[in-house]
Amino acid sequence: KRRSTVNFHLAVHQKHAQFNINNTVHNTLFSIMADETRGICVRDVPAKAFISAYAEHLKNSDKFELPIWADLVKTSVAKELAPYGDDWYYIRAASIARKVYLRPGLGVGQLRKWYGCNNGKGTRTEHFRKANAGIIRSVLIQLQEMKVTEMCEGGGRRMTRVGQQDLDRIAGSVFYDAEEE
C-alpha cells in the first residue's frame, strides 16, 4: 500500500510539472500574439511624444486654423507675456484633445484649472490663477467643427468615434516609431 501511494504521488507530481511547462509555453505564446494584435491607444504612448505628433497633425490640417489673435494673447492672468513659440496654439490644442480623450465630460472650467498656474508677484504671497477660457473654448470649438469632439448631455466634451480613431491612429504611429528606434 505504501509503495502504490508513493508511485501515485510521483505520477501526479510529474503530471503537474508537465502541465506547468505547457501552461508557461502557452502563456508566453499567447502574450506575444496578444501584443501583436492589440490596438495602441493614447494611454500607451508618452504624453510629450503624442502631443508633439498630434500638434504637427493639426498644423498640417487645413481644417484647424490659427486665430489672428494667437500672437497677442496671454495664456493666463498670471503670465506676463504671450508664449514665445510659433506652434504653441497647436500644442495646447493637442494637449486639450488628449485630456478630453482621457477624461470624457471635461469642460472649459476644469481645463482652466488644469492649465492654470501660481501668480507670484515678487515677495508677495502666491495665489493660484486659472488659465484663459477664451483659448480653451476656441480650441474646443475648432475640435468640434472637425468632428473630433462633441458635447455631452450633462455638459463638457467627449470624443467622437472619428476623433477617437484619429487619436488612436496617431498614437499607434508614435508607438511604432519609438519601437523602431
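Residues numbered from 1 in each chain as written. Predicted model: local features only at pLDDT ≥ 70, side-chain atom pairs only at ≥ 80, totals over all residues. Heavy atoms only, no water.

Looking at the packing of aromatic side chains
The condition is simple: Aromatic rings from Phe, Tyr and Trp, with only the six-membered ring used for Trp, were paired whenever their centres fell within 6.5 Å, and each pair was classed as stacked if the ring planes differed by under 30 degrees, edge-to-face if by over 60, and tilted otherwise. Each helix corresponds to a stretch of at least 4 residues labelled H or I by DSSP, and each strand to a stretch of at least 2 residues labelled E; elements are numbered beginning at the N terminus. Note on classification: 1.4 Å probe, protein chains only; a residue is buried when its accessible area is under 20% of the maximum for its type, exposed when over 50%, partly exposed between these limits.
Considering all chains together, one arrives at six aromatic pairs under this definition. Where Phe50 meets Tyr54, the ring centres are 5.8 Å apart and the plane angle is 5°; that geometry is what we call stacked. Note that Phe50 and Tyr54 are positioned in helix 2 (residues 47-60) at a spacing of four residues, about one turn of the helix. Relative accessible area serves as the criterion here: at 0%, Phe50 is assigned to the buried category.

Considerations on the packing of helix 4 (residues 108-115) against helix 5 (residues 133-145)
Here is the rule: Each axis is a line fitted through C-alpha atoms, and for a helix only the stretch in contact is used; angles between axes span 0 to 180 degrees, taken between their N-to-C directions. Roughly parallel here means an angle under 35 degrees, roughly antiparallel means over 145, roughly perpendicular means 65 to 115, and every remaining angle is called oblique. Should the near helix be turned counterclockwise from the far one by less than a right angle, the crossing is left-handed, whereas a clockwise turn marks it as right-handed. Should any heavy atoms of two residues lie within 4.5 Å, those residues are considered in contact. Note on residue categories: nonpolar means Ala, Val, Leu, Ile, Met, Phe, Trp, Tyr, Cys or Pro, charged means Asp, Glu, Lys or Arg, and polar means any other residue, Gly included.
Taken N-terminus to C-terminus, the directions of helix 4 and helix 5 make an angle of 125°; their axes are 10 Å apart at the nearest point. Comparing their axes, helix 5 and helix 4 come out oblique. Helix 4 and helix 5 meet at a crossing whose hand is right-handed. Contact residues: Val108, Leu111, Arg112 and Tyr115 in helix 4; Ala133, Ile136, Arg137 and Leu140 in helix 5. Of the residues in the contact of helix 4 with helix 5, the class split is six nonpolar, no polar and two charged.

Concerning helix 3 (residues 88-102)
Which entries qualify depends on this criterion: Multiplying 1.5 Å by the residue count of a helix minus one yields the expected span of that helix.
Taking 1.5 Å per residue as the helical rise, helix 3 with its 15 residues ought to reach 21 Å, and the 21 Å between its terminal C-alpha atoms agrees with that figure. Judged by how many residues are buried, helix 3 sits mostly within the fold: 13 of 15 residues are covered.

Notes on the nonpolar core
Selection rule: Buried Ala, Val, Leu, Ile, Met, Phe, Trp, Tyr and Cys residues form a nonpolar core when they are joined through side-chain atoms within 4.5 Å.
Counting 38 residues, the largest nonpolar core has Phe50, Tyr54, Phe64, Ile96, Ile136 and Leu167 as its most contacted members. When residues of this core are traced back to their parent elements, those giving at least two are helix 2, helix 3, helix 4, helix 5 and helix 6 (161-180). Broken down by element, this core gets its largest block of residues, nine residues, from helix 3. Among all residues touching Phe64, those that are not within four sequence positions of it are Leu58, Tyr89, Tyr90, Ala93, Val139, Gln142, Leu143 and Met146.

Remarks on the packing of helix 3 against helix 4
Relative to each other, helix 3 and helix 4 sit at 120°, their axes nearing to 12 Å. Between helix 3 and helix 4, the interaxial angle falls into the category oblique. The two elements helix 3 and helix 4 cross, and the hand of that crossing is right-handed. Side by side, helix 3 and helix 4 meet where Arg92, Ser95, Ile96 and Lys99 of the first sit next to Leu111, Trp114 and Tyr115 of the second.

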